[in-house]
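Each chain, written out:
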Amino acid sequence: MADVIDAVFDAIADAAPEVRAGLPDHRATRDDQNASGDTQLEADVWADDLLFDRTESIEGVNWYASEERDAVVTVGDAEGGYAVALDPLDGSSNVKSNNPCGTVVGVYDQPLPAPGSSLVAAGFVLYGPTTTMVVARDDTVREYLVSETGATTDLGPVELPADPTVYGFGGRVPDWPPAFESFVRDVEDDLKLRYGGAMIADVNQVLVYGGVFGYPGLESAPDGKLRAQFEALPIAYIVETAGGASSDGTQSLLDVAPTRLHERTPTFVGTDDVIAALDAALPDHTN
Ligand code: P6P
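Our subject in this report is the structure included herewith. (Residues numbered from 1 in each chain as written. Predicted model: local features only at pLDDT ≥ 70, side-chain atom pairs only at ≥ 80, totals over all residues. Heavy atoms only, no water.)

1. Focus: the overall build of the protein chain
For the protein chain, the count of helices and strands is six helices and 15 strands. For 287 residues, the compact-globule estimate of 2.2 N^0.38 gives 19 Å, and the C-alpha radius of gyration of the protein chain, at 18 Å, lies within 12% of that figure. Its C-alpha atoms give the protein chain principal-axis dimensions of roughly 50 × 40 × 35 Å. Long-range pairs, those at least 24 residues apart, make up 61% of the contacts in the protein chain between residues at least 6 apart in sequence. Accessible surface, the protein chain: about 11,800 Å² in total, of which carbon and sulfur atoms supply 45%. Here the protein chain contributes 16 positively and 49 negatively charged side chains, and the mean placements of these two sets differ by 8 Å. (Helix = DSSP H or I, 4+ residues; strand = E, 2+ residues; numbered from the N terminus. Rg over C-alpha atoms; globule rule 2.2 N^0.38 Å. Contact = heavy atoms within 4.5 Å. Areas by Shrake-Rupley, 256 points an atom, 1.4 Å probe, with all protein chains shown as cover. Lys, Arg positive; Asp, Glu negative; His and termini not counted. Charge placed at Lys NZ, Arg CZ, Asp CG, Glu CD.)

2. Some points on the site of the ligand
Lining the immediate environment of the ligand, one finds Asp90, Gly91, Tyr195, Gly197, Ala198, Met199, Phe213, Tyr215, Lys225, Leu226, Arg227 and Glu231. In this structure, an oxygen atom belonging to the ligand sits 2.7 Å away from a side-chain N or O atom of tyrosine 195. A distance of 2.9 Å separates an oxygen atom of the ligand from a polar atom in the side chain of glutamate 231. In the complex, the protein chains occlude 76% of the 400 Å² of accessible area that the ligand would expose alone. More than half of the atoms of the ligand fall within 2 Å of the grid points belonging to the largest pocket. (Near = heavy atom within 4 Å. Polar contact = N/O pair within 3.5 Å; in protein donor to acceptor, adjacent residues only side chain to side chain. 1 Å grid on protein atoms, 1.4 Å probe; cavity = no way out; pocket = protein on both sides within 12 Å on 5 of 7 lines; lining within 4 Å. Sits in = over half its atoms within 2 Å of the grid points.)

3. A look at the sheet that holds strand E9 (residues 140-146)
Read across the sheet, eight strands follow the order E4-E3-E5-E6-E7-E8-E9-E10 without closing on themselves; strand pairing throughout is mixed. The open sheet is flanked by strand E4 (73-74) and strand E10 (152-157), the only strands paired with a single partner. As defined by bridge partners, strand E7 (residues 119-127) adjoins strand E8 (residues 131-137) across seven bridges and the pair is classed as antiparallel. Within the sheet, the bridge partner assigned to alanine 121 lies in E8 and is arginine 137. Helix H4 (residues 199-209) rests against strand E5 (82-90), strand E6 (101-108), E7 and E8 of the sheet, and its axis sits at about 100 degrees to E7. Here helix H5 (residues 228-241) sits on the sheet in contact with strand E3 (61-66), E5, E6, E7, E8 and E9, set at roughly 100 degrees to E7. (Pairing = 2+ DSSP bridges. Axes fitted to C-alpha atoms, helices over the stretch in contact; angles between N-to-C directions.)

4. Quick look at the sheet that holds strand E14 (residues 245-247)
In spatial order, the strands read E12-E11-E13-E15-E14; together these five strands make up an open sheet with mixed pairing. Of all strands in the sheet, those with a lone pairing partner are strand E12 (192-193) and E14, marking the two edges. Packing of H4 onto the sheet brings it into contact with strand E11 (166-169), strand E13 (211-215) and strand E15 (267-270), and relative to E13 it is tilted by some 160 degrees.

5. Examining the packing of helix H3 (residues 178-188) against helix H6 (residues 272-281)
In the contact formed by H3 and H6, the axes pass within 9 Å of each other and the chain directions differ by 145 degrees. Crossing of H3 over H6 shows right-handed handedness. Here Ala179, Phe180 and Phe183 of H3 come into contact with H6, specifically with Val274, Ala277, Leu278 and Ala281. Of the residues in the contact of H3 with H6, the class split is seven nonpolar, no polar and no charged. (Left-handed = near helix turned anticlockwise from the far one by under 90°. Nonpolar A, V, L, I, M, F, W, Y, C, P; charged D, E, K, R; others polar.)

6. Notes on H6
Residues Val274, Ile275 and Leu278 constitute the buried set of H6. Seen end-on, H6 carries its buried residues on one side only, within an arc spanning 100 degrees. In H6, the exposed positions angled more than 90 degrees off the buried face are occupied by Asp273 and Ala280. (Buried < 20%, exposed > 50% of the residue type's maximum accessible area, 1.4 Å probe, protein only. Arc of directions from axis to C-beta.)

Written out as structure tokens, the structure is:
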């Protein structure tokens, strides 16, 4: 099989300009909810359909799944084939407010639901002032500029800075477990708040400036908000490959093995010292 991972990310980059160009016409909210219970935007479903069309026929892709589809779609039967798991438009609620959003990609080497340890590549497209794509594979993370034609320019390797600068945590403060809130109060003394409502934009701040991003388990929702298969595990793969660390509060997110396709997990990624301090601050039973 030709390099399937290259083919997947070539297809994602090629589709990126079309996704970005279509956002203005797909800002409306639908009456539907996705399998996670999130209200869907037209843009969520439209991006999912487009990205499915661009990836389902790639030789070596056996399964396609996304946040917007209830079940995995079998699209191939290649020996040793891969599963592609997408959040087609992460942070889609930012479209209405004209803030960054993007696409999250996980490539697993076994059927879904699959553990973080079965990731062979992960990446994201970020629709910001420019369109960029970050790809983690073969122990390296690289960033690419994506042109209006979908052509990519390699901007070089991505490595997490040793010193943390920024932090961002989701959920409402009154809904944070006390031990987590106490940890954040300490973090606030040293780091600058960067939280924009789209995970991949906030994670890219951490990749560039160092620090920590997370969405904790909440008092009202102990598993937090982020989906393991489509958001947490791919982002953990990227950040750990870039020299950082990840955690669900007790272990690396790459040791998490979802049993349900749309299950959620507390999610923390960033500079390894900060993640270690976070794990030490959280009693095992809360996250
Ligand atoms: P909140 C977007 O809906 C998302 O899944 C992530 O991209 C983002 O980090 C989080 O939810 C934002 O959640 O509760 O701050 O709106």
